[in-house]
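# Breakdown of the fold
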Amino acid sequence: MSQTIYQSFGYILPETILSVFFVLTLLTSIVGKRRSKYLPAYMALLGFVIAGIFVLNQMGTDELVFSGMYAVDPFSWFFKVIFLVAGILIILFSLQSRELEATATKYAEYFSLIISLTIGAFFMAGATNLLMMYLSLELVSISSYILSGFTKESARADEASLKYVIYGAFSSGLMLYGISLLYGLTGETNLYAFNQTLAIGGIQRITILIAVVLILAGLGYKISAVPFHFWTPDVYEGAPITVTAFLSVTSKAAGFAMLMRFFKIGFIDVGAQPVVAGMWEIFKGFRWTDIIAALSVLTMTIGNLVALWQTNIKRLLAYSSIAHAGYILMGFVTLSNFGMSAMLMYFVAYLLMNLGAFYVVMLVANKYHTENIEDYKGLGYRSPYVAFALTVFLFSLTGIPPTFGFIGKFYLFAALIHTNYIWLAIVGVINSVISLYYYLNIARNMYLRQPSETSRISFDFGTNLLMTLLIVPNILLMLYFSPVLAWAQNSVTMFGIR
Amino acid sequence: MQYQFLGIGFLTWITFLPILGMVVVLLIPRGNANAMKWIALGATILQLVFAVLIWINFNPSLSGINDPSGFQFIEKTRWIDLQGVGWFGHVVVDYFLGIDGLSLPMVILTAIISFVGVIASWNINKAQKGYFALYLLLDTGMMGVFVALDMFLFYVFWEIMLLPMYFLIGIWGGPRREYAAIKFFLYTLLGSVLILLVMLGLYFSVSVKDPTTGQMMHTFNLLDFMNPKNFDPHSLLGGLGTYWRDVAFIALFIGFAIKVPVFPFHTWLPDAHVEAPTAISVILAGVLLKMGTYGFLRISFPIFPDAMLKFAFPLAVLGFINIVYGALCAMAQTDFKKMIAYSSISHMGVVLLGIAALNTQGVAGGVLQMFNHGIVTAMLFLVVGVIYDRAHTRDMSAFGGLATQMPIYTGVMTVAFFAAIGLPGLSEFVSELLSYLGAFQSFQWVAIFSSIGIVLTAGYMLLALQRVFLGQLPDKWKGLPDVTGRELVAFVPLMAIVILLGIFPSILLHPMNASLNHLVEFVQKAGSGLMAAK
């Protein structure tokens, strides 16, 4: 059901709340103590919590608002929950970050930018119009450019930010060109209308392919798929750890949400039975999913192989996140609802394990002042609990039971086998085995090697508690994953399209 | 469900007792190493008690394998039950445990070896808490593999074992432990993921009627995989003797072969066994290797009988290569532990040869050999552990004449060595005899060539015996003390089993007979009959 503009406002309450709190958080810099980090942080947290309440209210809603610009459906709802959880966790992490203390006067801006990025991500997950897509993508991008260069005293952060801007500008330029081509071909910017135009046919095949590839470049940059990934390691290494963690989850998930929606609404033949098998007449003889399959293979293989040589843990996690984008793309290649729900499940796992890993990296950087994998030597003896936590997260990232990462991978492979993409599944599992080596390398340093110093370094109660909150679901959801599976299955419904 | 204790089934107890022990160990404050050892020992003794109870209550006339009513001590509850949306179908994973004559020996073996392993771990003096916690986790993983009848559950147990093993080798191992640990992990994970893919293939190819709703649903139930009628005709693994079924069989084979290990997937074994601490070598050789051959018998053979018949001959040849190659490598070693590691490869080849024969003698011999080799190798590694603890070297040429210095030790070692050689009256004689007998019927020439292995084994074992125990005792070993009481606690039960099974093998052959007969019959019939129909 389409809604009038006035009615539509009711459906973007979470986004509105977040926007209000964006301003409020910014305003905290004029009231209260200037150097305090707590006031803006709590303000931002409050914003997330209130927005969260409204998001929870929207559960099960399936509406198209603002004349088809924006969809509020179970699919975007799923991602909104992920963004909210990620945002809240990142704010909590940020409160403990030492790196950020260097920029103590600018906390208000920092937290408000986290909110603005989240707003952008919300819109990305729901955008059903090419223009809306582009605008929300830019909102996320611009927020992340500033965030990644936030500690501007550090030279590598400046470098990161600049690289990010240049790559970002270039890819969004490509994307915009692709959008304009699509508009020129079909006269439509709405994805649904676009779908119908394509169904009628009579459109130049080669041009539309070029347009799709150009748009894919913009999206590929957001999800850091090879060959659009070159910014990722530098930005992830240069940006403050909290920002890196945030980008690696929220920005990437938003990119994937948009990718999935763009292709599923725009290019799948809704009339075909089963829906999943549908590919347009116009693409006959050319399986455009093969492009995605190739991207996926390249992404995970290059991500994993390059990660093998990394000595800086942030850089390693950057390459690992590239590899994970590759795994997630595998689910997309199937184009089936099964594959989509597997992707969604993987995001839950990815949120838990990746944020957990970055959290530990931040804690270690705080107390041991290092990001070097060599310096993790003997961490298992000096800070046993932190090392244990990191081990859990790393095994989850590898996908070994009893961690939730295993279930995530399991369903991705299941989707591939289901649709007979056996070769891709084999590439995927071999990549998992490769990835074990570098994840295990960290565990090896922590446990198999003796530290040069043996003094114990412990962390306070709050830190341990937060860590436990991340460990427990990582294991518990493996032992009982049906709620997540049910949620993911029900969330692949997009407005009007099952 | 009459076999319960405190309302929980025997198999759950035997599987999760170690986890319970692990939790207790983790709660003990650091420094109380003795308490941790005793908890670990207590957990494994209780596990042994349950194993004995299961053995006593086991009904040897029931067959099992692919017959749900033939399994005993069954526990079955829904673990994951999701009535999904239409296109997704009903997702079910069962918590399904049960044993038959094939798993019974393995369950007993695991319980014995785990117990012996704790005693052998008594001297661990570094980070005991972590050690015993991981050890007990490993124990649960091993036991779980042998009692799980749901493939998802099987896979989870199979993988859970890897983590503790990595750390146990990597932290408490010898000088090249890092390399050995990562090599072990990478090899086995590569094998596991292949098993995972086959499991998924089977999942989507098989559908059964949901007993509650009457709808068709996919399942991970191993017994359902074994019924060819359950395969959807147009699914990936449907039909018989198809290309994809062969591929799946080979993928499964590689997955399990890495664990056995079958040549050419064996290179992780010498490294892992040599670098691991004594107790872990005992576990590796005693139990972990058997998982591979158990996987063949439990999963590969009955689910892919068509492919099995097709590949029986190559399997037997690989068995032959294992036997001879392992023995030749063992002969060339001067490192005591490495020699025994290679002898494991050789002896597991006998198992492979026996089961590839696919007749009652061969399969029974193979399974018995799995058990016997577990016990004998455990003894051999303990023997090495004893001497290494005292002399801190494993170079056989550095020893000599220990027979006069350590008479009890020499006695123990002689029993272990002669058992490994296959001397009549000791356990391995029976199992090797049966394996070769079976193989001779199916693959005459392979069996004949393989029997070279018996001579080679006698060669390297006697050579080692001579180098270490006979001749002149070097002066520097004059002070070596004989085996202690604690070490004897580990040796005596193993020795008793070796002798008992040598004289009276039917106590173990009898309970497994019905199951293995059924397995052979089923695989032969399903494989050949349906192949003919095709």
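Every chain's residues receive numbers from 1 upward, in the order its sequence appears when written. Written order determines the labels here, with chains lettered from A and ligands numbered from 1. It should be noted that, the model being predicted, local features are given only for residues of pLDDT at least 70 and side-chain atom pairs only at 80 or more, the latter also being counted only at that level, while totals for whole chains, interfaces and linings use all residues.

With that settled, the discussion passes to the overall build of chain B. Runs of E in the DSSP output that reach at least two residues are strands. Runs of H or I that reach at least four are helices, and both are numbered from the N terminus. Within chain B one finds 21 helices and six strands. Taken over the C-alpha atoms alone, chain B extends approximately 80 × 60 × 40 Å along its principal axes. For chain B, the residues scored as buried account for 60% of the 534 residues in total. Note on contacts: each residue gets a C-beta atom placed from the backbone, and two residues are in contact if those atoms are within 7 Å. When contacts within chain B are restricted to residue pairs at least 6 apart in sequence, long-range pairs at least 24 apart make up 80% of them. We call a residue exposed when 12 or fewer other C-beta atoms sit within 10 Å of its C-beta, buried when the count reaches 20 or more, and partly exposed for counts in between; the C-beta positions come from the backbone.

Turning next to the interface of chain B and chain A. In this complex, chain B contributes 30 residues to the contact, which on the side of chain A involves 29 residues. Looking at the side of chain B that touches chain A, the elements that each hand over two or more residues are strand S3 (72-83), helix H5 (151-160), helix H6 (162-172) and helix H7 (177-205) of chain B. A total of 13 residues in the side of chain B that touches chain A trace back to one element, the largest contributor, which is H7(B).

Multiplying 1.5 Å by the residue count of a helix minus one yields the expected span of that helix. Compared with an ideal rise of 1.5 Å per residue, which puts 26 residues at 38 Å, helix H11 (residues 278-303) of chain B spans 37 Å between its outermost C-alpha atoms and is within 8% of the ideal. Within H11(B), 26 of the 26 residues are buried, leaving the element largely enclosed by the surrounding structure.

For the rest of this paragraph, the subject is the environment of Phe301(B). Residues and elements named next belong to chain B. Tracing the backbone through its elements, the reader meets Phe301 in helix H11. Residue classification places Phe301 among the buried residues on the basis of 27 C-beta atoms within 10 Å. In sequence terms Phe301 and Phe249 are 52 residues apart; their C-alpha atoms lie 8.8 Å from each other. Contact partners of Phe301, with chain neighbours within four places excluded, come to Phe296, Met308, Leu519 and Val523.

All names here are of chain A. Of note, Phe79 is situated in helix H4 (residues 74-96). We classify Phe79 as buried; it has 25 C-beta atoms within 10 Å. Expressed as a C-alpha distance, the spacing of Phe79 and Phe347, which sit 268 residues apart in the sequence, is 8.8 Å. Those residues within four positions of Phe79 in sequence are excluded, and the remaining contacts are Ala125, Ala253 and Ala257.

Turning to helix H10 (residues 231-238) of chain A, a few remarks are in order. A large share of H10(A) lies buried, amounting to eight of its eight residues. Taken as a whole, H10(A) has its buried residues at Trp231(A), Thr232(A), Pro233(A), Asp234(A), Val235(A), Tyr236(A), Glu237(A) and Gly238(A).

Here the bond from Pro401(A) into Pro402(A) is cis, since omega is 5 degrees, no more than 30 degrees from zero. Considering the arrangement of structural elements, one finds Pro402(A) in the loop between helix H16 (384-398) and helix H17 (404-418). The omega torsion across Phe263(B) and Pro264(B) is 5 degrees, close enough to zero to call that bond cis. As for its placement among the helices and strands, Pro264(B) is situated in the loop between helix H9 (243-259) and helix H10 (268-275). With a phi close to 65 degrees, Asn420(A) is a non-glycine residue in the positive phi region. Structurally, Asn420(A) is set in the loop between H17 and helix H18 (422-448). The exposure class assigned to Asn420(A) is partly exposed, which follows from the 15 C-beta atoms found within 10 Å. Within the chain, Phe73(B) stands out as a residue other than glycine whose phi angle is a positive 55 degrees.

This next bit is on the confidence of the model for chain A. All names here are of chain A. pLDDT measures how confident the predictor is about each residue, on a scale from 0 to 100. When pLDDT is averaged along chain A, the result is 87, and 94% of the positions lie at 70 or above. Within chain A, the lowest mean pLDDT, 80, falls on helix H8 (residues 191-200), and the highest, 93, falls on H4. Scored below 50 in pLDDT, residues 274-278 makes twelve contacts in the model with residues more than four places away or belonging to other chains.

All names here are of chain B. Taking burial as the measure, the ten residues of strand S4 (residues 90-99) include eight buried ones, the bulk of the element. Sheet analysis places S3 next to S4, joined by nine bridges and oriented antiparallel. Of the residues in S4, the one forming a bridge with Arg78 is Asp94. Only when DSSP finds a minimum of two bridges between them are two strands counted as paired.

In this section: the nonpolar core. The biggest cluster of nonpolar side chains holds 408 residues, and the ones touching the most others in it are Met345(A), Phe413(A), Val107(B), Leu197(B) and Ala416(B). In terms of residues, this core owes the most to one element, helix H14 (residues 337-368) of chain A, which gives 24 residues. Residues in contact with Phe413(A), not counting those within four places in the same chain, are Ala425(A), Gly428(A), Val429(A), Leu196(B), Leu197(B) and Leu200(B). Note on definitions: a nonpolar core is a set of buried residues drawn from Ala, Val, Leu, Ile, Met, Phe, Trp, Tyr and Cys, linked by C-beta atoms within 7 Å.

Quick look at the confidence of the model for chain B now. Across chain B, pLDDT averages 87, with 98% of residues at or above 70. Across the whole predicted complex the pTM is 0.92, and at the interface the ipTM reaches 0.90.

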